[in-house]
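# Coordinates in review
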Amino acid sequence: MARKHFGTDGVRGRVGEAPITPDFVLRLGYAAGKVLAGAAGASIAGAAQLAGASTRPTVIVGKDTRVSGYMLEAALQAGFSAAGVDVLRSGPIPTPAVAYLTRALRLQAGVVISASHNPYEDNGIKFFAADGNKLPDEVEAAIEAQLDAPLECVASAALGRARRIEDAAGRYIEFCKSSFPSALDLRGMRIVVDCANGAGYHTAPNVFHELGADVIPLAVAPTGTNINDGCGATDTATLQREVVAQRADLGIAIDGDADRVMMVDDAGRLYDGDALLYAIVRDRAQRERVEGVVGTLMTNLGLEQALGRMGIGFARARVGDRYVLEMLRAKGWRYGGENSGHILCLDCHSTGDGTISALQVLAAMRRAGATLAQACSGLELFPQTLINVPIRRDFDWRSDRSLQQASEEAERALGETGRVLIRPSGTEPLLRVMVEAREAVLAQRTAQRLADAVRSVA
């Protein structure tokens, strides 16, 4: 079944425009509730009869700090209630916290209201299964099918109920701390923590502080409209300046829903997801056998080559942490991520977590007695040039022979010292042309030549 509403990370869009409208989200909550109730009903009923408890399935609903979260939360709750599903509300909390609490509280699903790194005008809905992983494709397909059915309502006695979990943030903070080695601490470290005025504003600083660090919080005053606005993992300029001004040892930036992370060293230099994944894997490889790492089509060639020098395999998935996770499971590997800051350490969590990923880098630094720059030494990232070229919506770029020839010629010229990637945008009529090379000038010149080739035929 083709997806009509679900993308790679749930349903997302501009608030007030389809599908992010109150009426659609109400129907989405009802459809998800019907599917989850049907899938879980028999096992829940049997267990509940033994325990004398409610036979209704239960979900947790978390959100980030966008002002639209209040409206969408109410609509979702009404839909779940009409389907006979109980709702636990956590309030603003990181996306990975919802994944953890879904599993820890033995719930049927977790729901997050967030548009991640997007501006506040956007929002979205994404789901986690009972095991804390993204919903399987077949369950998303069943929810989409249920959306076309009439919205009805269970009998009054069977309506779902809602209550708030008061200790959700505290539970998650303890979970994050448990991923850091008990023999280590962060005493003596001065860390600036940029929370993007998002969901991690009241969790991330506390995690690092309770492990002993001197924490300087940044972007921890959400207004509902300032999430990701000139701050966080998608805009680190303020963090870089603040680390230097505060004479801090390093800076940590998470994004609006706290599943991405970027870090800054004491000189204000930025380290992206590729560099942080390298630091984690290099540390792990000194203590255990690491079979391989999964990146994406956008992962820097320098990381692939650095892992190869350590005898560690590497595979590329499609862009999106969902696809990284799918490939990790298929290969039985533990570590993967994206240069955007999504990092997966499956020995710590079932999903990407900005706070936990930062803790793994800090653990690597503490074990080696190293600075962030030293923990990432040995990795030479290649300069990248990315050009977005507008194309006709009906342009079949894969079948255009002249474009294929231009790409093949560029790849031959670069050899093993560079890489060419051409891929379409998932949301706009654009073709993304990306070139990596050892020299920035060569990457720029090659990318421009390919972009011109696209323009000449598109």
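Residues numbered from 1 in each chain as written. Predicted model: local features only at pLDDT ≥ 70, side-chain atom pairs only at ≥ 80, totals over all residues. Heavy atoms only, no water.

## Considering the packing of aromatic side chains
On inspection of all chains with the given rule, the structure shows two aromatic pairs. Taken together, a centroid distance of 6.1 Å and an interplanar angle of 45 degrees make the contact between F6 and F127 tilted. In this pair, F6 sits in the segment before β1 (11-14) while F127 sits in strand β5 (residues 122-129), placing the two residues 121 residues apart along the sequence. Each of the two residues, F6 as well as F127, counts as buried. Here Y100 and F175 contribute two aromatic rings whose centre-to-centre distance is 4.1 Å and whose plane-to-plane angle is 10 degrees, an arrangement assigned as stacked. Within this pair, whereas Y100 is found in helix α3 (residues 95-104), its partner F175 is found in helix α5 (residues 168-178), the two being separated by 75 residues in sequence. Comparing Y100 with F175, the two get one shared label, buried. (Phe/Tyr/Trp six-rings, centres within 6.5 Å; stacked < 30°, edge-to-face > 60°. Helix = DSSP H or I, 4+ residues; strand = E, 2+ residues; numbered from the N terminus. Buried < 20%, exposed > 50% of the residue type's maximum accessible area, 1.4 Å probe, protein only.)

## Considerations on the nonpolar core
Ranked by internal contacts, the top residues of the largest apolar core, which has 65 residues, are F208, I252, M263, V293 and L362. When neighbours within four sequence positions are excluded, I252 is seen to be in contact with I191, V192, V193, D194, F208, L239, V261, M262, M263, A358 and L362. Formed by 30 residues, the second largest nonpolar core is a distinct cluster that contains F24, V59, I125 and F127. (Core = buried A, V, L, I, M, F, W, Y, C linked by side-chain atoms within 4.5 Å. Contact = heavy atoms within 4.5 Å.)

## As for the sheet that holds strand β10 (residues 261-265)
In spatial order, the strands read β8-β7-β9-β10-β11; together these five strands make up an open sheet with mixed pairing. With one partner strand each, in any of the chains shown, β8 (214-218) and β11 (270-271) form the two edges of the open sheet. In terms of strand pairing, strand β9 (residues 250-254) meets β10 through five bridges, oriented antiparallel. Paired with I252 across the strands is M263, a residue of β10. Across the face of the sheet, helix α7 (residues 237-245) comes into contact with β7 (190-194), β8, β9, β10 and β11 while running at roughly 155 degrees to β9. Along the sheet, helix α11 (residues 354-368) makes contact with β7, β9 and β10, crossing β9 at roughly 155 degrees. (Pairing = 2+ DSSP bridges. Axes fitted to C-alpha atoms, helices over the stretch in contact; angles between N-to-C directions.)

## Topic: the confidence of the model for the protein
Close inspection of predicted coordinates is inappropriate in any region flagged by low pLDDT. Of the residues in the protein, 95% have a pLDDT of 70 or more, and the chain-wide mean is 93. Every residue in residues 41-53 is under pLDDT 50, and counting partners more than four places away or in other chains gives ten contacts. (pLDDT = per-residue confidence, 0-100.)

## Remarks on the state of the cysteines
A complete count under the given rule lists zero disulfides for this structure. Considering cysteine sulfurs only, C231 is the nearest to C195, which forms no disulfide, with 9.4 Å between them. No disulfide involves C348; its sulfur sits 5.3 Å from the nearest other cysteine sulfur, which is in C345. The class of C348 is buried, set by a relative accessible area of 17%. (Disulfide = S-S within 2.5 Å.)

## Section: α3
Along an α-helix, residues three or four positions apart point the same way, because every turn accommodates 3.6 residues. Burial of α3 is extensive: eight of the ten residues sit out of reach of the surface. Of all the residues in α3, the buried ones are T95, P96, A97, V98, A99, Y100, L101 and T102. Looking at the packing, one finds that the buried side of α3 touches β2 (58-63), β4 (109-113), β5 and α5.

## A word on the environment of A458
Positionally, A458 belongs in the segment after α14 (440-457). Classification of A458 by relative accessible area gives partly exposed; the value is 22%. Measuring from C-alpha to C-alpha, the distance between A458 and A248 comes to 49 Å, with 210 residues separating the pair along the chain. Apart from residues lying up to four places away in sequence, A458 is in contact with P390, I391, R392 and F395.

## A word on the packing of α5 against α11
At a closest axis distance of 9 Å, the pairing of α5 and α11 adopts a crossing angle of 25 degrees. Considered as vectors, α5 and α11 are oriented roughly parallel to each other. The handedness of the crossing between α5 and α11 is right-handed. Residues Y172, F175 and C176 of α5 lie in contact with α11, whose contacting residues are T355, I356 and L359. In terms of residue class, the contact of α5 with α11 is built from five nonpolar, one polar and no charged. (Parallel < 35°, antiparallel > 145°, perpendicular 65-115°, else oblique. Left-handed = near helix turned anticlockwise from the far one by under 90°. Nonpolar A, V, L, I, M, F, W, Y, C, P; charged D, E, K, R; others polar.)

## Things to note about the pairing of β2
Burial of β2 is extensive: six of the six residues sit out of reach of the surface. Both faces of β2 are covered, namely the face carrying T58, I60 and G62 and the face carrying V59, V61 and K63. The pairing of β2 with strand β3 (residues 86-92) spans six bridges and is parallel. Looking across to β3, one finds that T58 is bridged to D86. Each parallel crossover has a hand, and the one from β2 via helix α2 (residues 68-82) to β3 is right-handed. Relative to β4, β2 is paired through five bridges, and the arrangement is parallel. (Right-handed = clockwise from strand over helix to strand, strands pointing away.)

## Quick look at the sheet that holds strand β13 (residues 313-317)
Pairing within the open sheet is mixed, and its four strands lie in the order β13-β12-β14-β15. Since the sheet does not close on itself, it has two edges, and those belong to β13 and β15 (343-345), each with one partner. Taken over all neighbouring pairs, the strand axes of this sheet differ in orientation by 15 degrees on average, direction set aside. As judged from the two bridges shared by strand β12 (residues 292-296) and strand β14 (residues 335-337), these two strands associate in the parallel manner.

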